[in-house]
Amino acid sequence: AASITAQSKGWHETAYTEWLPVSGASSYEAYVKKTSESSYTKLDDELVREYGTFVRADALGLAAGSYNMKIVAKNSSGSELASYESGSITVDSYKRDGFAFSDGGSSSGAYNDDGTLKSNAKVFYVTNENKNSITMDVVTNNKGATTTCTGLGPIIVALQKGYETTPLDFRFIGQVSIPTGTDQSLNQLDLKRANAPVTFEGVGNDTFALFGFNLVEANNVEVRNLGFKDMTTSDEDGVTITNQSQRVWVHNCDFFYGGQGSDKDQAKGDGSVDLKKTS
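First, a word on what this report is: a plain description of the structure on this page.

Basis of the calculations
- Counting restarts for each chain: residues are numbered from 1 in the order of the written sequence.
- Residue-level local features of this predicted model are given only where pLDDT is at least 70; pairs of side-chain atoms are given and counted only at 80 or more, and the full residue set underlies all totals for whole chains, interfaces and linings.
- Think of the side-chain values as coming from all heavy atoms in the structure, minus any hydrogens and water.
- Helix and strand labels come from DSSP, where a helix needs a run of H or I of at least four residues and a strand needs a run of E of at least two; each type is numbered from the N terminus.
- Counted as a polar contact is a pair of N or O atoms within 3.5 Å, where, for protein atoms, one must be capable of donating a hydrogen and the other of accepting one, and residues adjacent in sequence contribute only when both atoms are in side chains.
- The contact criterion used throughout is that any non-hydrogen atoms of two residues lie within 4.5 Å.
- Using a 1.4 Å probe on the protein chains alone, a residue whose accessible area is under 20% of its type maximum counts as buried, one over 50% counts as exposed, and one in between counts as partly exposed.
- For two strands to be treated as a pair, DSSP must find no fewer than two bridges joining them.
- Throughout, an axis means a line fitted to C-alpha atoms (over the contacting stretch in the case of helices), and angles, computed between N-to-C directions, take values from 0 to 180 degrees.

What follows is about the side chain of Ser106. Residue position: Ser106 is located in the loop between strand S9 (89-91) and strand S10 (122-126). In terms of polar contacts, Ser106 uses its side chain to reach the backbone amide nitrogen of Ser108, at 3.1 Å. Among the polar contacts listed, one links the side chain of Ser106 to the side chain of Asp113, at a separation of 2.7 Å. When residues no more than four places from it in sequence are discounted, the contact partners of Ser106 are Ala100, Phe101, Asp113, Asn220 and Arg247.

Attention shifts here to unusual backbone geometry. The backbone of Asp103 shows a phi angle near 55°, a positive value even though the residue is not glycine. Mapped onto the fold, Asp103 is located in the loop between S9 and S10. In the Ramachandran plot, Arg193 falls in the positive-phi region, its phi being about 55° despite a non-glycine side chain. Mapped onto the fold, Arg193 is located in the loop between strand S15 (188-192) and strand S16 (198-202). The class for Arg193 is partly exposed, based on a relative accessible area of 36%.

Here we come to the pairing of strand S1 (residues 6-10). Where S1 and strand S2 (residues 14-19) come together, five bridges link them in antiparallel fashion. Each residue of the ladder has a partner; that of Gln7, found in S2, is Glu18. In sequence, S1 turns back onto S2 through a hairpin of three residues, with Glu13 there showing a positive phi of about 60°.

A separate point is the sheet that holds S10. Taken together, the five strands give an open sheet; going across it, the order is S10-S13-S16-S19-S22, and neighbouring strands pair in parallel fashion. Every interior strand has two partners, whereas the edge strands, S10 and strand S22 (246-251), have only one. Across this sheet, the average inter-strand angle for adjacent strands is 10°, counted without regard to direction. Note that S16 and strand S19 (residues 219-224) share four bridges and pair parallel. Bridge pairing in S19 links Phe200 to Val223.

As structure tokens, then:
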């Protein structure tokens, strides 16, 4: 019988499994459960990615504890070819402290402070191929009327009206350049005056935003597990936090150089995080 050669590991509020491709398999399904539970929960298909020499699945939004993962390989007719179940995987928590979590407030964005996704959160998987085609009905007036927005850029712009309050989790996969439908002159995606808690996060260990985020009058925004690089059209930062923004949490990210600026510390290129204007 066919088998799956795999290894599983835990991290901060996530767990992942990597395995070798199975001969004859046309698709894979991934599952996760608490070790103390009997039944598995299927992961979203987007969290399973094939890299040619290996396949990887990431389980996100896990509270600290012990988990197991399961992988099922299927052929073109949907029949199971092989399966794998991990041993116990230990998942720990991000450290939440500092001003962003003071006085009972939070900057966990679309997540609860225990690392689980908020029950009413909307999740979007953003790739370079679909960044301009994802859709959302955004609340755009005080009577609850919605506007259908197509593309990450128009969705983010519509949040500026301040009527949408649904927690939003934008999960980036792979290398993603700036979407259309927003001001691209600084190669930054502008999130302004949004009342919706927002998380921007990378899936796995190879996701890069080839642009930056400009957070203006932002509140309860999280940016995590993303690499920022190749912002060559801009002398701006990977993340700019400005105009009295509060409870913004940027963590576990990699920052590379952006475009060259006029300041001495920008000789190689700007590239990190700026905190401005009483944020």
